[in-house]
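Overview (structure and organization)
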Amino acid sequence: MKRKRITAKKLKIGIAAAFMIFGFSSVSAQQQVSLQEAIKQALQNKAEAKKAALQIKKAEYKIDEARAGALPQISATAGLTYNPVIQESLLEFGGERIKAQLGQPWSSSAVVQLQQALFDQRVFTGLKAAKTTREFYVLNADLTNEQIIENVATAYYQVFVQEENLKTVEASYTNTEKVRNVIKSLVDNGLAKSIDLDRTNVQLTNIGSNKQQLINSVELSKNALKFYMGVPIGTDIELEEKTIEPKPELIASNVNLENRTELKVLNKNRELLQFNKKATEAYLYPTVNLTASYGWAGMGKNFL
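This one's a predicted model, so the numbers in the text were calculated from it and none came from an experiment.

Here the focus is the pattern of salt bridges. Tallied over the full model, the rule gives 8 salt bridges. Here Glu163 and Lys222 are joined by a salt bridge, their closest N and O atoms 4.0 Å apart. Here Glu163 is found in helix 4 (residues 121-188), whereas its partner Lys222 is found in helix 5 (residues 194-229), with 59 residues between them in sequence. Its salt-bridge partner being Asp188, residue Lys184 comes within 3.3 Å of it at the nearest N-O pair. Placement of the pair is Lys184 and Asp188 together in helix 4, with a separation of 4 residues, close to one helical turn. One network of salt bridges, in which partners are shared, links Glu135, Lys268 and Glu271.

Here 3 strands make up an open sheet; going across it, the order is 2-5-7 and the pairing antiparallel. Strands at the two margins of the open sheet, each flanked by one partner only, are strand 2 (73-82) and strand 7 (288-300). Here the strands of the sheet are splayed against their neighbours by 10° on average, with no regard to which way each runs. With 10 bridges connecting them, strand 2 and strand 5 (residues 106-119) associate as antiparallel partners.

Turning to the pairing of strand 3 (residues 88-93), a few remarks are in order. Sheet analysis places strand 3 next to strand 4 (residues 96-101), joined by 6 bridges and oriented antiparallel. The residue of strand 4 that forms the bridge with Phe93 is Glu96. Taking the residues between adjacent antiparallel strands as the criterion, strand 3 and strand 4 are bridged by 2 residues, where Gly94 takes a positive phi near 60°.

The next subject is the packing of helix 4 against helix 6 (residues 261-282). Where helix 4 contacts helix 6, the two axes come as close as 9 Å, and the packing angle between them is 160°. Here helix 4 is positioned roughly antiparallel relative to helix 6, judged by the angle of their axes. The crossing of helix 4 and helix 6 is left-handed. Per-class residue counts for the contact of helix 4 with helix 6 are 9 nonpolar, 7 polar and 10 charged.

Turning our attention to the packing of helix 3 (residues 47-68) against helix 4. Viewed as axis vectors pointing N to C, helix 3 and helix 4 meet at an angle of 170°, and their least axial separation amounts to 9 Å. Considering their axes alone, helix 3 and helix 4 lie roughly antiparallel with respect to each other. Its residues placed into classes, the contact of helix 3 with helix 4 shows 13 nonpolar, 6 polar and 6 charged.

Within a regular beta strand, the side chains point alternately toward one face of the sheet and then the other, so they alternate between its two faces. Relative to strand 7, strand 5 runs antiparallel, the two sharing 13 bridges. Looking across to strand 7, one finds that Gln115 is bridged to Thr291.

Reading guide: rules and limits
Residues numbered from 1 in each chain as written. Predicted model: local features only at pLDDT ≥ 70, side-chain atom pairs only at ≥ 80, totals over all residues. Heavy atoms only, no water. Salt bridge = Lys/Arg side-chain N within 4 Å of Asp/Glu carboxyl O. Helix = DSSP H or I, 4+ residues; strand = E, 2+ residues; numbered from the N terminus. Pairing = 2+ DSSP bridges. Axes fitted to C-alpha atoms, helices over the stretch in contact; angles between N-to-C directions. Parallel < 35°, antiparallel > 145°, perpendicular 65-115°, else oblique. Left-handed = near helix turned anticlockwise from the far one by under 90°. Nonpolar A, V, L, I, M, F, W, Y, C, P; charged D, E, K, R; others polar.

Set out below in structure tokens:
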């Protein structure tokens, strides 16, 4: 009997230790996130931010491509021909006809050509349009980042709002539960009516329903924040406790709309449309090119 008691005691200690280890791992796996860290992860993980950065690189390649059209174009060609049967022709000299072969079995040629555009309206317009395209994508990337930051900040503070509402409802639930217990004691002792207890129970049930709705709202707000951050939904996060101070200067009436990124993107898009019109008109302009070539040719009976 003594050995069985010792074994059961060890088993309880082992189970308790396992729960302590599990609880410690769960706490350590929880990620505490500040607003700055949430924004940083969102800008690193969101596909929209990565796509905007790739569009900037694409615009730089377009600039290199347009600039290449204004640079000298050098091309080289070479050929080697073998004629197993040489064509024969009849030549007439002094009334006599002579059969002669024209050409050699082996012939080779090499040509190097240089072409430089002196005036090509399409190239010049394309280069200006490519630079404007890069500026457009830079502004679009800034706008995308601003929208990501706005969504993350809104979701982040929405979690705070729901948690504060939940604390208020939990306090109300606790106080109502205490009142219900007092009324129940009075009813049991015949000092109060049962209808008062029923009303309190209904009120407590309604508060409990609101409490569960707020618990679900907190989870939904956290899931929305995880989505904007680009982290898995299963990740357990905890928001950093921090006081929120209002900044009236952010909602001042004298806001300069010209500095809005949305307006800058629209203006730059208008410039691109104007360049698109000029590029279409550029096909009607004449082009002036400078061409120089140098060639070499050889013929013989043998390959070398």
